[in-house]
Structures are given as C-alpha cells and as structure tokens.
Amino acid sequence: MADSKKTAYIAGLGMAVPPKVVTNDDFSKFLDTTDEWITQMTGIKERRYIDENTATSDLATEAARKALASAGVDPGEIDIIIIATATPDTLFPTTACLVQHAIGAKNAFAYDVAAACSGFIFALVQALQFIVAGTVETALVIGAETLTTVADMTDRNTCVLFGDGAGAVVVKGCDPPRGIIDHYLRCDGSLSEYIKLPGGGSRRPPSHETVNERLHYIKMQGRKVYVNAVKEMGDAVVTVLERQGLTGDDLDLLFPHQANIRIIQAVAERAGLPMEKVYVNIQKYGNTSAASIPLALAEAAEEGRLKEGMLIAMVAFGSGFTWGSALMRW
Ligand code: ACO
C-alpha cells in the first residue's frame, strides 16, 4: 500500500483521434445545413470519425500508450484504470477492462464511469480519492468516446456537433502546491430529458421498434442544454476559484468541455477570463464528450502551451445533467 499523499497531479498525457476528417461541407451534401451556420452557431469546422473496424477501446488504448510513454510509466505500474465514456464498446465487459488487457496493465483493476460529457472530471476526482486514501499509487484516467456511432445522421440539430476521440492521463500522488487544489461535482437528474439516448437500456431494450423509432440515437433539446451549460459551467469555475480566494486573473488557462464556442465564450466571460486564457480546439474535433478535456490537455501540452507551475481549471457539462470543475497547479 502506498503512502498517503495530500493530492495528485497529472504525470503524463496522450491523445488519439481517428484519421478520417469530416468537414461541415460534407454535411451540406446530405443535410439542409451550411458551413456558415455550423461555424457561426458552434465554432466547429471539422471533426474526426472512426471507421467500422475501430471502437472506443481502440482510441483509448492508443491514448493510454502515449500517456504512459510521456509519464515514463510501465503498464505494470498502473494500479487503477478509469475510463469515462458514454459510448463503451459493449455494455459489458467495460471498456476499461478491454484497455487493461490491450496495454498489459496486469496489476490494475479497471472500470468505466458514466457521467456523459462531464465524465473525465468525475473520473479524475475518483482517481484522486484513491491516491489520497493511499490505496493507489498510479492511476490511468481516460476520456474516450465514439459519439458518431449514436449520432442521427438525419437530424441536423445534433449530428453536426459530435466527433470521436480519446485523451488519457497518468495520475500520481504529490504534495501541494502542485496538483489538484479543489474540485466541484454536481448533477440535476430532474433535467435528464434534455439530452438522452432513450433506446438500448433496460427502459427500452433493443427491439425492431426501438430501431424503427430511432431511439438508439442522441435526442437533444439544444437550447435547454445551452442555457444550463452556460450557467452551471460558469458557476463551477467561479466556485473553485472563490473557495481558494482566487479570481480569473489568477488563472493561467481554462480547459472547458468543447461543446460550443458560444458556450465557451460565455463561460469565460462569467469567470472573468479573456479568450487568450481559454484553450479551444472545438474547430478541429467538435464535441467529443468525455474525451474533450483530456484531448485538449494533451494537445495544449504538445503545443508547449501548458507548462509546469501554471494554475489551470477544467470545467464540463453534460447529460444528466452533470457538471463539474477542477482547479489544479500543473
Ligand atoms: N444547420 C442549419 N440550421 C440548423 C441546424 C443546422 N445544422 N441545426 C439547427 N438548425 C436550425 C433549427 O432548426 C432552427 O430553425 P428554426 O428556427 O427554423 O426552427 C434554428 O437553426 C435555430 O435552432 P436553435 O436550436 O434554436 O439554435 P441554437 O442557438 O440553440 O443553436 C445548438 C443550436 C448549436 C445545438 C445550441 O443549442 C447548442 O450548442 N446547444 C448545446 C448542445 C450541447 O452542448 N450538447 C452537448 C451535450 S452532448 C452530451 O452530453 C453527450
């Protein structure tokens, strides 16, 4: 059993996106939509799509291998693997178990976390709890999604938003000031109707009827999601800052869930942050749900924008509704 640590930090990062690029103009070929509408209303220019031979665990495995290499950690050193996903390869076994086998993490236990687009922050906070409790030394936390497999290509309100990808982080214990300083997790199940995947679960098991009714696709009331996301994400950032006696001025970089550029801009404004302090890559990947924050972290690190000693925050919002934030000294 490891010594108890006061907090945890991210020791390595990796990302994976499939090679196939789908542009806004590609949608205009079969839907009543335009590049102009999608760009203006969402900030998305293109997104990545898996092919029929790829599943969520494949992207997660690639991201995990890169994260382990960047942390200089051997797969045998991992104690726990937590994968945040709403699009697992199968309902069971979990995607985390498939990745555990694929990377040869023979000493790890593994499971998935389902909190939709907020899943990565929920999973990261879980890893923190194990590390602080002293029961785990090294955690692998992954956000991995293939939302294009549940996007209805006849529904212009939703299908243009989503893309596939994965981001992985290696999490280890440390003493402050480095590491996770504060976190804030919430949900409101009374608003569960506004984004959902109605078919395929125990309420509506798969049948010819559920398929005919297109219930195995995302259903979303975009406006409701938008309004709640702006409020709760903004408040979540301010909450962790204020609890630490900080303001937006103290923050070096914000990593918001990449759902819509207008949501991101409104959250930045609420948190008192200029957009230069907000990491945005939605134009390249669209909304990759639980993968979006670790993908952004990995890309920012690769670009040299995320540097040791920086004060960063992550904030997400998703189906449930779920939302949360984490404040961290990199
Ligand atoms: N192309 C052209 N027109 C479109 C498109 C499209 N792709 N999609 C919608 N429209 C039309 C609508 O039909 C509507 O037309 P109408 O006025 O004739 O009815 C018009 O554009 C305005 O639609 P709204 O939905 O009112 O537009 P809004 O400003 O809300 O923007 C959007 C829509 C971009 C979806 C926005 O609501 C949004 O981003 N919401 C948040 C979505 C989100 O974050 N989802 C993530 C959750 S996913 C998860 O948790 C797994």
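Before reading further, recall that the structure is shown in the block above.
Here the structure is a predicted model, which is why all the values come from computation and not from measurement.

Engineer: Hey, could you go over the site of the ligand for me, with residue numbers and the actual values?
Structural biologist: Among the 23 residues in the neighbourhood of the ligand, the closest are listed as Thr33, Cys117, Arg156, Arg223 and Asn260. The separation between a nitrogen atom of the ligand and a polar side-chain atom of threonine 33 is 2.6 Å. With respect to the ligand, the side chain of arginine 223 contributes an N or O atom lying 2.8 Å from an oxygen atom. Contact with the protein chains removes 75% of the 1,000 Å² of surface that the ligand exposes when unbound. Put simply, the parts of the chain that give the shell around the ligand at least two residues each are α2 (35-42), α7 (222-243) and α8 (261-270). It is α7 that provides the largest number of residues to the shell around the ligand, a total of four residues. Two domains each donate at least three residues to the shell around the ligand, and these are domain 1 (7-175) and domain 2 (181-329).

Engineer: I'd like a rundown of the sheet that holds strand β5 (residues 109-113), residues and numbers included.
Structural biologist: In spatial order, the strands read β1-β7-β6-β4-β5; together these five strands make up an open sheet with mixed pairing. Sheet topology places β1 (7-16) and β5 at the edges, where each strand pairs with a single neighbour. Adjacent strand axes in the sheet meet at a mean angle of 20° when their direction is disregarded. Along the sheet face, helix α10 (residues 292-302) touches β1, β6 (138-146) and β7 (164-174) and points at about 85° away from the line of β1.

Engineer: Account for the sheet that holds strand β13 (residues 322-329), with residues named and values stated.
Structural biologist: Across the sheet, four strands lie side by side as β8-β13-β12-β11; this open sheet has mixed pairing. In this open sheet, the two edge strands, each paired with only one partner strand, are β8 (179-187) and β11 (253-256). For this sheet, the mean angle separating the axes of adjacent strands, direction not counted, is 10°. Of the strand pairs in this sheet, β11 and strand β12 (residues 311-318) are connected by four bridges, and their pairing is parallel. Looking at the pairing, leucine 254 lines up with alanine 313 of β12.

Engineer: Outline the packing of aromatic side chains, supporting the account with residue identities and numerical values.
Structural biologist: Applying the stated criterion across every chain, the model contains seven aromatic pairs. For the ring pair phenylalanine 109 and phenylalanine 130, a centre distance of 5.7 Å and an interplane angle of 75° mean the geometry is edge-to-face. Note that phenylalanine 109 is positioned in strand β5 and phenylalanine 130 in helix α5 (residues 119-133), a separation of 21 residues in sequence. With a relative accessible area of 25%, phenylalanine 130 lands in the partly exposed category. On the numbers, 6.0 Å between centres and 25° between planes, the contact of phenylalanine 317 with tryptophan 323 is stacked. An identical accessibility class is assigned to phenylalanine 317 and tryptophan 323; each is buried. By way of ring pairs, the aromatic residues Tyr194, Phe317, Phe321 and Trp323 are connected into one cluster. Over the ring of tyrosine 226 we find arginine 223, and its NZ or CZ is 4.8 Å from the ring centre.

Engineer: Any chance you could break down the pattern of salt bridges for me, citing the residues and the numbers?
Structural biologist: Summed over all chains, the structure comprises 11 salt bridges. Note that aspartate 32 is salt-bridged to arginine 156, the shortest N-O span being 3.5 Å. Here aspartate 32 is found in the loop between α1 (24-28) and α2, whereas its partner arginine 156 is found in the loop between β6 and β7, with 124 residues between them in sequence. Residue classification places aspartate 32 among the exposed positions, given a relative accessible area of 63%. Relative accessible area serves as the criterion here: at 43%, arginine 156 is assigned to the partly exposed category.

Engineer: An account of the environment of aspartate 235 is needed here, citing residue identities and associated values.
Structural biologist: Within the secondary structure, aspartate 235 sits in helix α7. Taking the C-alpha atoms as reference, aspartate 235 lies 11 Å from glycine 272; in sequence the two are 37 residues apart.

Engineer: Provide a residue-level description of unusual backbone geometry, including the pertinent values.
Structural biologist: The peptide bond linking phenylalanine 92 to proline 93 adopts the cis configuration, its omega dihedral lying at 5°. With respect to the secondary-structure elements, proline 93 resides in the loop between β4 (80-84) and α4 (95-103). In this model, proline 176 is joined to proline 177 through a cis peptide bond whose omega is 15°. Counting through the fold element by element, proline 177 comes out in the loop between β7 and β8. Phi at alanine 116 takes a positive value of approximately 50°, unusual for a residue other than glycine. Here alanine 116 is to be found in the loop between β5 and α5. One non-glycine residue, arginine 214, lies in the positive phi region at around 60°. With respect to the helices and strands, the residue arginine 214 is situated in the loop between α6 (208-212) and β10 (219-220). With relative accessibility at 31%, the residue arginine 214 sits in the partly exposed group.

Engineer: Explain the packing of α7 against α8 to me, using residue names and the numbers behind them.
Structural biologist: The N-to-C vectors of α7 and α8 enclose an angle of 30°; their axes lie 8 Å apart at closest approach. By crossing handedness, the relation of α7 to α8 is classed as right-handed. Here Arg223, Tyr226, Ala229, Val230, Met233, Gly234, Asp235, Val237 and Val238 of α7 come into contact with α8, specifically with Arg262, Ile263, Ala266, Val267 and Arg270. For the contact of α7 with α8, a count of residues per class yields nine nonpolar, one polar and four charged.

The rules behind these values
- Residues numbered from 1 in each chain as written.
- Predicted model: local features only at pLDDT ≥ 70, side-chain atom pairs only at ≥ 80, totals over all residues.
- Heavy atoms only, no water.
- Near = heavy atom within 4 Å.
- Polar contact = N/O pair within 3.5 Å; in protein donor to acceptor, adjacent residues only side chain to side chain.
- Areas by Shrake-Rupley, 256 points an atom, 1.4 Å probe, with all protein chains shown as cover.
- Helix = DSSP H or I, 4+ residues; strand = E, 2+ residues; numbered from the N terminus.
- Domains from an automatic or database assignment.
- Pairing = 2+ DSSP bridges.
- Axes fitted to C-alpha atoms, helices over the stretch in contact; angles between N-to-C directions.
- Contact = heavy atoms within 4.5 Å.
- Phe/Tyr/Trp six-rings, centres within 6.5 Å; stacked < 30°, edge-to-face > 60°.
- Buried < 20%, exposed > 50% of the residue type's maximum accessible area, 1.4 Å probe, protein only.
- Lys NZ or Arg CZ within 6 Å of the ring centre and 35° of its normal.
- Salt bridge = Lys/Arg side-chain N within 4 Å of Asp/Glu carboxyl O.
- Left-handed = near helix turned anticlockwise from the far one by under 90°.
- Nonpolar A, V, L, I, M, F, W, Y, C, P; charged D, E, K, R; others polar.

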